Amino acid sequence: DKRENLILFNHFHPGQRDTTFVEVTEYCKASSCEVIMLKNFNEKEVKKLYQRAKIIVSECLMGSERSVIEAVLSGALFVTDDCSNGKDLRDFPIPRQHKFSNKIPKAEILTRLLENFEEEQQKLDGFRQLYKHYSHETLVEDTKRFVHAVV
């Protein structure tokens with residue numbers, strides 16, 4: 001894979017602090033990687049960035065986040081915190097080693113992911129298979145089952 005040591009940072013949600021973005025930026029200054037905030041890019045530009053990047057970071061997933069699926073299907077690693085929807089392994093089966101926590105420094109996690117990119121990428125094969133098998137028909141059937149179950 002000819003990906004760059006590029007870390008993309010998903011935009012902030014209103015009211016969210018930028019401490020992780022600052023920490024990742026400082027890490028990259030010391031570790032020969034680049035960090036780009038995904039803000040004010042059009043869809044085509046974001047797609048190109050996803051194809052170049054090794055890691056995409058989004059703090060505390062809120063709601064149905066497309067960025068997780070897009071990142072993983074494009075071949076990048078996705079990193080989030082173990083909070084909000086980031087805890088939900090049913091919707092986002094992200095390996096625990098791809099989540100920031102208070103137990104392991106962010107720099108240590110990022111170094112491992114960048115240096116062992118292809119090995120870490122394989123840990124997302126199940127996630128990719130989950131979403132690649134969906135089609136219009138399967139999504140319609142899933143929606144019908146959901147509506148039937150809650151109505």
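See above for the structure.
Procedures and definitions
- Residues numbered from 1 in each chain as written.
- Predicted model: local features only at pLDDT ≥ 70, side-chain atom pairs only at ≥ 80, totals over all residues.
- Heavy atoms only, no water.
- Helix = DSSP H or I, 4+ residues; strand = E, 2+ residues; numbered from the N terminus.
- Expected span 1.5 Å × (residues − 1).
- Buried < 20%, exposed > 50% of the residue type's maximum accessible area, 1.4 Å probe, protein only.
- Arc of directions from axis to C-beta.
- Contact = heavy atoms within 4.5 Å.
- Axes fitted to C-alpha atoms, helices over the stretch in contact; angles between N-to-C directions.
- Parallel < 35°, antiparallel > 145°, perpendicular 65-115°, else oblique.
- Left-handed = near helix turned anticlockwise from the far one by under 90°.

Caption draft 1: View of helix 1 (residues 19-31). An ideal rise of 1.5 Å per residue puts 18 Å on 13 residues; helix 1 measures up with 18 Å between its terminal C-alpha atoms. Among the residues making up helix 1, those that are buried are T20, F21, V24, T25, Y27 and C28. Looking down the long axis of helix 1, one finds its buried residues gathered within 160° of arc, a one-sided arrangement. For helix 1, exposure combined with an orientation more than 90 degrees from the buried face picks out K29 and A30. At its buried positions, helix 1 is contacted by strand 1 (6-10), strand 2 (34-38), strand 5 (99-100) and helix 4 (106-115). Following helix 1 by one or two positions, S32 adopts a phi angle in the positive range, close to 50°.

Caption draft 2: Region of interest: the packing of helix 1 against helix 4. Running from N to C, helix 1 and helix 4 cross one another at 55°; their axes reach a closest spacing of 10 Å. With respect to helix 4, the axis of helix 1 lies oblique. Regarding helix 1 and helix 4, the two cross each other, and that crossing is right-handed. Across from T20, E23, V24 and Y27 in helix 1, the residues of helix 4 making contact are K106, A107, L110, T111 and L114.

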